[in-house]
Amino acid sequence: MNEVIGRVRRGLVVWGVILKFLSVFLLVSLSVQAWSRTIVVSDIDDTLKISNVRSLVGKVQNAPRTDLVFAGMPEIFQALHERGDVEFVYLSNAPTWLMTEAHQTFLRENAFPFGRTFLRPFGSGATTFKREVIDRLFAEEPSDTEWILIGDNGERDPLVFWDVQQAYPARKVLAYVHAIYPDNVELQGYSFNLRPYGSSYDLAAEWVAAGILSPEQVEGVEAVVLRALFRALRDEPTSEHAFAPWTNCHPALSFEGRGFTREWVDLLSVGCALGR
């Protein structure tokens, strides 16, 4: 009888240790899940994909193509993904019925990280859709979630991002605008809250300066952008461009004072000016 009681006691001790371990494990897990994370909300056309949405001919010609990618954008997104605490949301004003398959194929074939994709459904307003989706995302997430908004100045992204920053002053919201249309006054008017960039390489520099990525994490971006620049400057056929091939630099863009070497400042400036 004593032997049985002893075995039971030993069993209870073992189960007590196991339960204590499980409780600590669950507490740590819940703490990690509740801890702040980062959500990247990115446009697609003219931000990740070379689309030329302001040109009817360019927009129609480029819509079905899935190979027209801005050099280095997949690599910089993958660097973010490797952090392990980043979720991706792809948000496009393109009509759902027309572009869903093409955009999903573009993201997959160019190795962008998996993420939720929102395209504008039939009947949804083109001027309000993105803001409505972002508001829903903010409502779903805890207040310590960090947000990175990425778009371009071809349509309303600068205004949408600025409005979001004003509506959520207590949230950490970083906004970056691909400055590829030089006549866009919206970017100039709100640039004190929005960071313009011309290529994935200077966007990477912004993220290193902000502590979002380390210099080692963006080394691959430099090589890809350099390859695309040299191909374009030699007029080699390529579907991968560092800069928008239809425009000169936006007046708000400057590559000085960002920690680039003189050679990189000159190369980026020339590539941007030529639309390469």
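Residues numbered from 1 in each chain as written. Predicted model: local features only at pLDDT ≥ 70, side-chain atom pairs only at ≥ 80, totals over all residues. Heavy atoms only, no water.

Side note on the layout of surface pockets
Next, step 1: Roughly 440 Å³ of internal volume is contained in the largest pocket.
Next, step 2: Lining of the largest pocket is provided by 24 residues; of these, Asp45, Val53, Lys59, Ala94 and Pro95 occupy positions nearest its centre.
Next, step 3: Those elements giving two or more residues to the lining of the largest pocket turn out to be α2 (56-62), β3 (86-95) and α4 (96-109).
Next, step 4: For the lining of the largest pocket, the leading source of residues is β3, giving 4 residues.
Next, step 5: Partitioning the lining of the largest pocket into residue classes produces 8 nonpolar, 6 polar and 10 charged. (1 Å grid on protein atoms, 1.4 Å probe; cavity = no way out; pocket = protein on both sides within 12 Å on 5 of 7 lines; lining within 4 Å. Points joined across faces, edges and corners; volume = space filled by probe spheres on them. Helix = DSSP H or I, 4+ residues; strand = E, 2+ residues; numbered from the N terminus. Nonpolar A, V, L, I, M, F, W, Y, C, P; charged D, E, K, R; others polar.)

Thoughts on the pattern of salt bridges
Next, step 1: Scanning the model with the defined rule gives 12 salt bridges in all.
Next, step 2: Put simply, lysine 130 and aspartate 157 hold a salt bridge, and the shortest N to O gap is 2.8 Å. Of this pair, lysine 130 sits in helix α5 (residues 129-140) while aspartate 157 sits in helix α6 (residues 157-167), and the two are 27 residues apart along the sequence. You'll find lysine 130 and aspartate 157 in the same group, each marked buried.
Next, step 3: Each member of the salt-bridge network shares a partner with another, and the members are Arg37, Glu87, Arg116, Glu140 and Glu141. (Salt bridge = Lys/Arg side-chain N within 4 Å of Asp/Glu carboxyl O. Buried < 20%, exposed > 50% of the residue type's maximum accessible area, 1.4 Å probe, protein only.)

Section: helix α8 (residues 200-209)
Next, step 1: Most of α8 is tucked away: 8 of the 10 residues are buried.
Next, step 2: Downstream of α8 by a residue or two, glycine 211 has a phi angle that is positive, lying close to 80°.

Remember that the coordinates give geometry; whether it matters functionally is a separate question.
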